[in-house]
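In case you want the letters, here they are:
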Amino acid sequence: MAKNKNKGKPRNYALDSGVYRFSASKMFHKKAIHKFLKKTVAKKPADKKPVFVEKKIKGDKNGGTRMVRVKKLTNNVPTMDLKKKNTTRKSVFSKHSRKLRPSLTPGVVVIILAGVHKGKRVVVLKQLETGLLLITGPLKLNGCPLRRINQRYLLATKTSINVSGVKVPETINDKYFARVKSDNKVKKDGNIFENKKEDYKPSEQRKADQASVDKQVLEAIKKHPQGAALKSYFKAGFGLNKGEYPHKMIF
Amino acid sequence: MAPKSGRLYAKGVFTGFKRGLRNQHENTALLKVDGCAGQEDARWYIGKRCVYVYKAKNKTSVPNSKEKSQLRCIWGKVTRPHGNAGSVRAKFRRNLPPQAMGCRVRIMLYPSRI
């Protein structure tokens, strides 16, 4: 090799304006960096991610599926900002603490103060998960079925029945009593404003549960020392008479 | 089956509005509850709902019933005792009409605290 006359001198220098004489690409060639670069490994072809995905949609006569982009386009901006759900809300109904008035333990005979069954004396069976109380007439005595009631509409009496032997099926919970939503999908040609309310008819499941629970409750009533009197007690309704003032009464 | 039950409310009378001698405040009504003699007795009724029931000429719809009726009502609740003689203060959803003075107001037994 010829002797390098320029050894020791810098390859690149600044001009008067402050800008350097040779660009990065020129310097690449001057310094022969191509000799010192390590060979890069060929890039593996990336796993091909699908651009479109098939998603099922509800409804009739619309093909059933749509091709939806996996990554939304940047120009896809919603017309309205969705309200952010407050996931940090501390007090959720399902987590509320359920209180029970000390006078309303299972087995207590209670007077219903409002509703269809007002005035009837019924038996408290247990408290459900939402805090409502499960009561039963029993059906044969006063026509009140297995029902949920809020504690505020019950007047506890001092009379109670030993229902420790009464086993209420685990299936009887709040979901059991939830209202059945009617399917109104099929829109008939008839008048939309027609009242389609059907009278409530208890399901066979309800009738069976009612019979099994009531059987046990009636047995418990029989065992009570005043069983015979209790039966007529249940059959009669409660009402205030002249001279009877609730604030002076012990129920 | 159980026969129709009796009265499930305490009887009361609407005596007037909360007032000083020369000014009255119609948003609070004073009720005299039957048999209620002192503040101790009156405390039982705090929080209980009360209704003023009256009749009108035109028939209006009734909830949960197809038939219309001439009966109308104004709901309210007992808020606190009033005085030493067993009266009670109540606030109604709409102020009671003055023609209700001296008329029957029903004080229900719910929300129950027993």
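Everything here concerns the structure above.
This text gives an overview of the structure that appears in the document. (Residues numbered from 1 in each chain as written. Chains lettered and ligands numbered in written order. Predicted model: local features only at pLDDT ≥ 70, side-chain atom pairs only at ≥ 80, totals over all residues. Heavy atoms only, no water.)

**A look at the overall build of chain B**
- Each helix and strand in chain B was counted, giving one helix and six strands.
- Put simply, chain B runs from its N terminus to its C terminus through helices and strands in the order β-β-α-β-β-β-β.
- With the C-alpha coordinates aligned to their principal axes, the bounding extent of chain B is approximately 45 × 35 × 20 Å.
- Relative to its 114 residues, chain B shows a buried fraction of 39%.
- Counted over contacts in chain B with a minimum sequence separation of 6, partners at least 24 positions apart contribute 60%.
- Accessible area of chain B: about 7,000 Å², with a carbon and sulfur share of 48%. (Helix = DSSP H or I, 4+ residues; strand = E, 2+ residues; numbered from the N terminus. Buried < 20%, exposed > 50% of the residue type's maximum accessible area, 1.4 Å probe, protein only. Contact = heavy atoms within 4.5 Å. Areas by Shrake-Rupley, 256 points an atom, 1.4 Å probe, with all protein chains shown as cover.)

**Remarks on the sheet that holds strand E4 (residues 121-127) of chain A**
Residues and elements named next belong to chain A.
- Here five strands make up an open sheet; going across it, the order is E6-E5-E4-E3-E7 and the pairing antiparallel. For this open sheet the edge positions go to strand E6 (147-149) and strand E7 (154-160), each flanked by a neighbour on one side alone. The sheet shows a mean angle of 45 degrees between the axes of neighbouring strands, taken without regard to direction.
- Where strand E5 (residues 133-136) and E6 come together, three bridges link them in antiparallel fashion. Across the sheet, leucine 134 pairs through a bridge with arginine 148, a residue of E6.
- Here helix H5 (residues 227-235) sits on the sheet and contacts strand E3 (108-112), E4 and E7; the angle it forms with E4, its principal contact strand, is near 95 degrees. (Pairing = 2+ DSSP bridges. Axes fitted to C-alpha atoms, helices over the stretch in contact; angles between N-to-C directions.)

**Regarding the side chain of His224(A)**
All names here are of chain A.
- Within the secondary structure, histidine 224 is located in the loop between helix H4 (204-223) and H5.
- Taking the relative accessible area as the measure of exposure, histidine 224 reaches 15% and is therefore buried.
- Leaving out residues up to four positions away in the same chain, histidine 224 has contacts with Ser160, Ile161 and Leu230.

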